[in-house]
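Remarks on the overall topology
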Amino acid sequence: MTPADLAELLKSTAAAVLAEHDLDVTALPETVTVERPRNLEHGDYATNLALQLGKKVGVNPRELAGWLAEALTRADGITAAEVAGPGFVNLRITADAQAVVVTDILAAGAGYGTGDDLAGLKINLEFVSANPTGPIHIGGTRWAAVGDALGRLLTASGAEVVREYYFNDHGAQIDRFARSLMAAAHKEPPPEDGYAGDYIIDIAAQVLQKSPDVLSLPPTEEQETFRRIGVDLMFTHIKESLHEFGTDFDVFTHEDSMHTSGRVEEAIARLRANGAVYEKDGATWLRTTDYGDDKDRVVIKSDGNPAYIAGDLAYYLDKRERGFGLCIYMLGADHHGYIARLKAAAQAFGYSPDTVEVLIGQLVNLVRDGQPVKMSKRAGTVITLDDLVDALGVDAARYSLTRSSVDSPIDIDLELWSSASSENPVYYVQYAHARLSALARNAAELGLAADTANLGLLTHEKEGVLMRSLGEFPRVVKTAAALREPHRICRYLEDLAGDYHRFYDSCRVLPQGDEPAGELNSARLALCAATRQVIGNGLQLLGVSAPERM
């Protein structure tokens, strides 16, 4: 009996109890939840349904809890139902009922934990979107890990997800990048507002290889050549770094294309037709204050050039016209103003603000020997994706960046995350999977196989805890997707790994010596196989490998 099964049983039982006492059945909530008490003495599961319903139907919650408990004790799979406190009901489940989750997991395999809550929704998930003027810095790397995991979660919940990278290749920063490359090629210091680091020298050298006569061109042509070739080389490096990190995109959109294709003009024309823009001081303004923004925004500057927001407007409209019902933007810590701005833009075009969702990621700091790491050998002023992977490897880097809520800044201790110890969260989880894999190999050598025919023999306390943990996985996935919080998968996996290690220390799975194998061994092997499957499924959602050996 999974938590979902138990919730349905509670709902149907409560409906019968209310009807029996001539109470309002429509007061039942649409969704009934059950939780696992922290204290095992309080039962396997608990519900506060009577507390939720009591006031609505005019009955003392504890009295209502008593009626529920009495009815539940007659239900299949329930061994005990007890009233606690002001109206909680604590439940104990039979071993056979609990063990159904093992059969479900083994039957579903890689599909266990997936759902259809978001079926029919087409989502554009835009993340990283770093300026093409340097390697991806550590903040963008956080989004590379979290964004990819979120895409996997949303897909697991039934959505059609398109991962998109928006190259900010239009504007002054590209000119500064080109001038920095030119300075490096001429062996001069970078411009005061330019970019520095070994990567600038490397790219400048590659431009010279691709265009040997570039330094003899007129200044304007020389800068354009460095811009064109240099940006392409930087794009290529960024894509390769992301791919090696396990993060791939379905679509790459160039900001410059919004301007060169006429999309900006089309977007402004539509806003003009909607009455959402006006002229003032020689500039064109968007009435974003009509939709909750703190001030109106200039769309076309007084010199006739589009403001930065013009590209954003065209890009949002482009996404909507490609059929996306939800556009998720994953932006850096300094982009809070974009939340109101983008939602206002959606309304100005005549769409719901709920078609826009903006997630803001906080800063990442690296620590070594208790001291902050601030400088990159390659990039000069920032720590990059490549630096982090070099220090930790892909798995630890991804897991460490995904493990905490993006609302919080994080410190990554390089010594901890590169250690092969139980203190290292990713090692702890991966070791559980490797240990389970080794167990399966050892069982095969003994001629033993998992068998679900006698799961009712799994009556040990630690077996019950492990099965209840496994049953939580679908709900954790659903919640993580709904709240856009992949870190919930990390925390769940760490708890599950702990439950498994404690089970293994208390319950012998394989016979020892001349001890004959029995039905209990096969049942425990099935439980172990289910645990291995769920850990593997969880790691896959994070884009982290599930090793067979460590």
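Just so it is clear, the model here is predicted, and its values are computed rather than measured. (Residues numbered from 1 in each chain as written. Predicted model: local features only at pLDDT ≥ 70, side-chain atom pairs only at ≥ 80, totals over all residues. Heavy atoms only, no water.)

What follows is about the overall build of the chain. If you tally the helices and strands in the chain, you get 20 helices and 14 strands. Reported as C-alpha extents along the three principal axes, the dimensions of the chain are approximately 90 × 65 × 40 Å. The buried share among the 550 residues of the chain stands at 52%. For the chain, long-range pairs separated by at least 24 residues make up 70% of all intrachain contacts whose partners lie at least 6 apart in sequence. Roughly 24400 Å² of accessible area belongs to the chain as shown, and the carbon and sulfur atoms make up 48% of that amount. Computed over 52 positive and 78 negative side-chain charges, the inter-centroid distance for the chain is 2 Å. (Helix = DSSP H or I, 4+ residues; strand = E, 2+ residues; numbered from the N terminus. Buried < 20%, exposed > 50% of the residue type's maximum accessible area, 1.4 Å probe, protein only. Contact = heavy atoms within 4.5 Å. Areas by Shrake-Rupley, 256 points an atom, 1.4 Å probe, with all protein chains shown as cover. Lys, Arg positive; Asp, Glu negative; His and termini not counted. Charge placed at Lys NZ, Arg CZ, Asp CG, Glu CD.)

With that settled, the discussion passes to the packing of aromatic side chains. One pass over the full model with this rule turns up 18 aromatic pairs. Measuring from centroid to centroid gives 4.5 Å for Y165 and F167, while their planes differ by 45°, and the two rings are tilted. Where Y278 meets W285, the ring centres are 6.4 Å apart and the plane angle is 10°; that geometry is what we call stacked. Connected via pairs of aromatic rings, a cluster forms that spans F127, Y165, F167, F235, F249 and F252. K122 extends its terminal NZ or CZ atom over the ring of F324, reaching a point 4.8 Å from the ring centre. When the ring centre of Y338 is taken as origin, the NZ or CZ atom of R341, which lies over that ring, is 4.5 Å away. (Phe/Tyr/Trp six-rings, centres within 6.5 Å; stacked < 30°, edge-to-face > 60°. Lys NZ or Arg CZ within 6 Å of the ring centre and 35° of its normal.)

What follows is about the packing of helix α11 (residues 308–321) against helix α12 (residues 337–348). One can describe the packing of α11 onto α12 by two numbers: an axis separation of 10 Å at closest approach and a directional angle of 55°. With respect to their mutual orientation, α11 and α12 come out oblique. Once α11 is placed against α12, the crossing between them reads as right-handed. Every residue of α12 that contacts α11 at Y308, I309, D312, L313 and Y316 is listed here: Y338, R341, A345 and A346. (Axes fitted to C-alpha atoms, helices over the stretch in contact; angles between N-to-C directions. Parallel < 35°, antiparallel > 145°, perpendicular 65-115°, else oblique. Left-handed = near helix turned anticlockwise from the far one by under 90°.)

Another aspect to go through is the environment of V465. Relative to the elements of secondary structure, V465 occurs in helix α17 (residues 461–471). The class for V465 is buried, based on a relative accessible area of 12%.

On the basis of which strands lie adjacent, the open sheet formed by 3 strands has the order β13-β12-β14 and mixed pairing. In this open sheet, the two edge strands, each paired with only one partner strand, are β13 (371–373) and β14 (410–413). Averaged over all pairs of adjacent strands, the angle between their axes in this sheet comes to 45°, without regard to strand direction. (Pairing = 2+ DSSP bridges.)

Our next topic: the environment of R403. Summarising the element assignment, R403 is placed in the loop between α14 (394–402) and β14. For the pair formed by R403 and V509, sequence separation is 106 residues and the distance between their alpha carbons is 31 Å. Among residues more than four places away in sequence, those in contact with R403 are W417, P425, H487, C490, R491 and E494.

Below, the discussion takes up the pairing of strand β11 (residues 356–360). Across a regular strand the side chains alternate sides, sitting on one face of the sheet and then on the other. Where burial is concerned, most of β11 is hidden: 4 out of the 5 residues are buried. Of the pairings in the sheet, the one linking strand β10 (residues 326–331) to β11 comprises 5 bridges and is parallel in character. Its bridge partner being in β11, Y329 is matched across the sheet by V358. This β-α-β element, β10 to α12 to β11, shows right-handed connectivity. (Right-handed = clockwise from strand over helix to strand, strands pointing away.)

With that out of the way, let us pick up the sheet that holds β11. What the 5 strands build is an open sheet, ordered β6-β5-β4-β10-β11; its pairing is parallel. Both edges of this open sheet fall to β6 (251–254) and β11, since each of them pairs with a single strand only. Averaged over all adjacent pairs, the angle separating strand axes in this sheet is 25°, with direction ignored. With respect to the sheet, α12 is in contact with β10 and β11, its orientation differing from that of β11 by roughly 170°.

In this section: unusual backbone geometry. The phi torsion at D22 lies on the positive side, around 55°, for a residue other than glycine. Its location among the elements puts D22 in the loop between α1 (3–20) and β1 (45–47). Given a relative accessible area of 71%, D22 falls into the exposed group. In the Ramachandran plot, K187 falls in the positive-phi region, its phi being about 60° despite a non-glycine side chain. Relative to the helices and strands, K187 is located in the loop between α6 (172–185) and α7 (198–210). Classification of K187 as exposed rests on a relative accessible area of 77%.

Under the domain assignment, the chain is made up of domain 1 (3–93), domain 2 (172–245) and domain 3 (422–542). The straight-line distance from the C-alpha centre of domain 1 to that of domain 3 is 30 Å. The interface is formed by 7 residues belonging to domain 1 together with 8 residues belonging to domain 3. At the boundary of domain 1 with domain 3, total buried surface from both sides reaches about 670 Å², with 49% on carbon and sulfur atoms. Of all residues in domain 1, P3, R36 and L40 give up the largest surface area on contact with domain 3, accounting jointly for 68% of the area buried on that side. If you look at where domain 1 meets domain 3, you find 1 salt bridge. For D44, the salt bridge goes to R468, with nearest N and O atoms at 3.0 Å. (Domains from an automatic or database assignment. Buried area = accessible area lost by both parts, 1.4 Å probe. Salt bridge = Lys/Arg side-chain N within 4 Å of Asp/Glu carboxyl O.)

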